[in-house]
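Structural overview for review
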Amino acid sequence: MSFALLVTAGEREGEVYPLPVDRAFTVGRDPTNDIRLVDRKLSRIHCQVQVIGGRCQVVDLNSTNGTVVNGARIRTETWLSLDDEIEVGMTRMRLIKFQKDDGSSPDSVKSDPPSDVKGLAAAGGGKCEECGRAISAAEIQAKRVRKVGSRYYCLNCSASFDDAAPATPPAEPLTGPALDRGQPGKEIAGVRVIAKLGEGRLGPLFKGEQVNMGRLVTVKMLNVAEPQWAQQYLHAVYTSGQLVHANVVLIFDTGEENGVFYIVREYVDGQSVQERLATRDPMPLADAYNVITQIANALEHASERHIMHGCLSPRKVLLGPRDVVKVTGFGLPRTPPPGRTAASYNWHSLAYTAPELLRGEETPNFASDVYSAAAIFYQLMTGRPPFHGSTREKLEHRILHNSPRLLRDLVPELPDAAQKIMDRALSKDPRSRYQTPKEFIFDLEENLRREL
């Protein structure tokens, strides 16, 4: 007997979808599904229906809102009978008998797998990067695998695991005096603008020349409507300006000129760790060690002056010439400016935020900074942060309650010393962590350097 799903309610009401017998048939929001539904109540890959031995089975793929069969939410694989009803989000489907006009079965109703999984299929399969389960070549050919970046995930994991962060709302475009000052050739605070470097959380960054010193600098122009908040922000930057260290981005000047709030800082000819990780594979251990020790040295220098970072993330770590690492953003306020939500303002650092800060138990401290540095180290070695989440709520829940995957599950060649350091540095209890960056550096040098 051949089966099909008849959509009885929802955006595709009246449509019939034959069920192939040689692969799972998936439903969800992602374009790779056999039935793609634009429904915020659905997970990317919500559930699958499969014909096995002449019978039909439905499986919920760890979806957020669940799969309902005949009015009851299913918890395990569930066998279907004819006319059973499946409900996902706003869509209802009924299992029916199906026969093509020529009397043949719909075995061939399938599409070619995406080209990016054909190579993996030819190699005989692989393994899920989340749970480690083996993925067969047959599963890959049948599209029962997801590719995110350069990594592959089984459907069970890809339904509940999402490494795509919500986009941070862009800053409002510059207007008035700030727009004029941001043009190449214009000057602000003695700096001649050369070119735009990019957009920050609070406004654009420009490459410029400090005319009286003849040196290249980076100028940040704050695009903040509330002058009082901008003054508080500049005061925090001014305080961090006392940090003079090879691994800290130097602050040269801050202030306000003709209604434009600005920061003039050291120009670093390179890319951020975030940009590096987005375009290439994880770093070899020796390179990751070199980066993390320099980050820790910057944090230690700041701790000696009682300055905490508080929002360390890969965006705040710059990779300069000759493998010199520069950390920026010390001591900046975590409270967003008027008109901005905390979710959008702090999203880029959320995956690296210590659990106690999410619980609101403490203000940022040196153990919290160590947690953030360790989370970056984890990503340098594995290519992914310790925790992912497509929403703020999901990510916070995982940071507070889940344990990160073991390093050896992601990169088997990493030494045990790296895992021991990570276990302590990422402890959910700040009292169990390294209390200062200096302790973290000592353990790195004593127990990990010998493994390089």
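Residues numbered from 1 in each chain as written. Predicted model: local features only at pLDDT ≥ 70, side-chain atom pairs only at ≥ 80, totals over all residues. Heavy atoms only, no water.

1. Here we look at the confidence of the model for the protein
Summing up the model confidence of the protein, the mean pLDDT is 82 and the portion of residues at 70 or higher is 79%. Within the protein, the element-level pLDDT minimum falls on helix α1 (residues 115-122), averaging 46, and the maximum on strand β24 (residues 325-327), averaging 97. A low-confidence stretch, residues 101-118 stays under pLDDT 50, and its non-local contacts, those more than four residues away or across chains, total 31 contacts. Note that residues 159-171 has pLDDT below 50 and, in this model, 32 contacts with residues that lie over four places away or in other chains. (pLDDT = per-residue confidence, 0-100. Helix = DSSP H or I, 4+ residues; strand = E, 2+ residues; numbered from the N terminus. Contact = heavy atoms within 4.5 Å.)

2. Points about the packing of aromatic side chains
Enumeration over the complete set of coordinates arrives at 3 aromatic pairs. Summarising the aromatic geometry, the rings of Trp229 and Tyr233 are spaced 5.3 Å apart at their centres and angled 25° between planes, so their arrangement reads as stacked. You can see Trp229 and its partner Tyr233 sitting in helix α5 (residues 227-240), 4 residues apart, about one turn around the helix. Note on Trp229: relative accessible area 8%, which makes it buried. Each ring, one from Tyr434 and one from Phe440, has its centre 5.4 Å from the other, and the planes form 45°; the classification is tilted. Look at Tyr434 and you get buried, because its relative accessible area is 1%. Among the residues examined, Phe440 registers a relative accessible area of 1% and is labelled buried. Over the face of the ring belonging to Trp79 we find Arg55, whose NZ or CZ atom lies 4.3 Å from the ring centre. A cation over a ring is seen here: Arg215 above Phe252, with NZ or CZ 3.7 Å from the ring centre. (Phe/Tyr/Trp six-rings, centres within 6.5 Å; stacked < 30°, edge-to-face > 60°. Buried < 20%, exposed > 50% of the residue type's maximum accessible area, 1.4 Å probe, protein only. Lys NZ or Arg CZ within 6 Å of the ring centre and 35° of its normal.)

3. Points about the nonpolar core
In terms of nonpolar packing, the biggest core is built from 57 residues, with Ile295, Phe330, Phe377, Met381, Phe440 and Leu448 touching the most fellow members. Every residue in contact with Phe330, bar those within four places of it in the chain, is listed here: Ala236, Ser240, Leu243, Val248, Ala298, Leu299, Ala302, Ile307, Met308 and His309. The next biggest cluster of nonpolar side chains, apart from the first, holds 22 residues, and it includes Leu19, Leu37, Cys47 and Ile74. (Core = buried A, V, L, I, M, F, W, Y, C linked by side-chain atoms within 4.5 Å.)

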